[in-house]
Amino acid sequence: MKNYFTIVLLLSIILVTSCSRLRKFDSVEATENERYNIVYNDGKCGIYDNNADSLVTLIKYDALKYSQCVIKDSIEITVWVCELDSLSGLVSIAGENNEMLEIIFP
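This is a predicted model, so every value here is computed, not measured.

**Notes on the environment of Glu99**
Part 1 of the reasoning: For Glu99, the location among the structural elements is in the loop between strand E7 (87-94) and strand E8 (100-105).
Part 2 of the reasoning: Put simply, Glu99 and Val56 are 43 residues apart on the chain and 8.1 Å apart in space, counted from C-alpha to C-alpha.

Printed below as a string of structure tokens:
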């Protein structure tokens, strides 16, 4: 019985620890592309991949807007319009591996 209590206590501690590490966002905005969401935290936003359950970009943009999804040579590329420090630009994400390309215009 003592071993059973120890195992339950250990599993409870692991569960509480793993839940406390989950990312918390102020809000989440769904986009036309079900794979990606825009997440907000402390007045900034970033792109979150629902399939990979992880952030694709840092939460650093002032604004993000889903633009389009393009398939070129069997590679899916998702394009976003962004604002960063009063500058406009584009963020492109390759669907295969979430590799990101950011272009900010002066």
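Having seen the structure, we can now continue with the description.
**A look at the environment of Cys45**
Part 1 of the reasoning: With respect to the secondary-structure elements, Cys45 resides in strand E3 (residues 44-49).
Part 2 of the reasoning: Remark: the alpha-carbon pair of Cys45 and Leu58, spanning 13 residues in sequence, is separated by 8.0 Å.
Part 3 of the reasoning: Excluding residues that lie within four positions of it along the chain, Cys45 makes contacts with Ile38, Val39, Tyr40, Leu58, Ile59, Lys60, Tyr61, Asp62, Ala63 and Leu64.

**Topic: a nonpolar patch on the surface**
Part 1 of the reasoning: Together, Val81, Leu90, Leu101, Ile103 and Phe105 give the surface a local cluster of nonpolar side chains, amounting to about 400 Å² of exposed area.
Part 2 of the reasoning: Element by element, the count of residues in the nonpolar patch is highest for E8, at 3 residues.
Part 3 of the reasoning: Mapped onto the elements of the fold, Leu90 is located in strand E7.
Part 4 of the reasoning: Taking relative accessible area as the criterion, Leu90 reaches 31% and is therefore assigned partly exposed.

**Considerations on the side chain of Arg35**
Part 1 of the reasoning: For Arg35, the position within the fold is in the loop between strand E1 (27-30) and strand E2 (36-41).
Part 2 of the reasoning: The buried category is assigned to Arg35, whose relative accessible area is 18%.
Part 3 of the reasoning: Here Asn98 takes part through its side chain, which lies 3.4 Å from a polar atom of the side chain of Arg35.
Part 4 of the reasoning: Once residues within four sequence positions are removed from consideration, Arg35 is found in contact with Tyr48, Asp49, Asn50, Asn51, Gly95 and Asn98.

**Re the packing of aromatic side chains**
Part 1 of the reasoning: Evaluation of the coordinates by the stated rule reveals 3 aromatic pairs.
Part 2 of the reasoning: On the basis of an interplanar angle of 70° and a centroid distance of 5.6 Å, the ring pair of Phe25 and Tyr48 is categorised as edge-to-face. Here Phe25 is found in the loop between helix H1 (2-20) and E1, whereas its partner Tyr48 is found in strand E3, with 23 residues between them in sequence.
Part 3 of the reasoning: With a relative accessible area of 22%, Phe25 lands in the partly exposed category.
Part 4 of the reasoning: Ring geometry for Tyr66 versus Trp80: centroids 5.4 Å apart, planes at 80°, classification edge-to-face. Placement of the pair is Tyr66 in strand E5 (residues 63-72) and Trp80 in strand E6 (residues 75-84), with a sequence separation of 14 residues. Just as Tyr66 is buried, Trp80 falls in that class too.
Part 5 of the reasoning: Through successive ring pairs, a cluster of aromatic residues spans Tyr36, Tyr66 and Trp80.

Cut-offs and rules
- Residues numbered from 1 in each chain as written.
- Predicted model: local features only at pLDDT ≥ 70, side-chain atom pairs only at ≥ 80, totals over all residues.
- Heavy atoms only, no water.
- Helix = DSSP H or I, 4+ residues; strand = E, 2+ residues; numbered from the N terminus.
- Contact = heavy atoms within 4.5 Å.
- Patch = residues over 30% accessible without salt bridge, like charges linked within 9 Å, V, L, I, M, F, W, Y side chains within 5 Å.
- Areas by Shrake-Rupley, 256 points an atom, 1.4 Å probe, with all protein chains shown as cover.
- Salt bridge = Lys/Arg side-chain N within 4 Å of Asp/Glu carboxyl O.
- Buried < 20%, exposed > 50% of the residue type's maximum accessible area, 1.4 Å probe, protein only.
- Polar contact = N/O pair within 3.5 Å; in protein donor to acceptor, adjacent residues only side chain to side chain.
- Phe/Tyr/Trp six-rings, centres within 6.5 Å; stacked < 30°, edge-to-face > 60°.

Keep in mind these values describe shape, not function.
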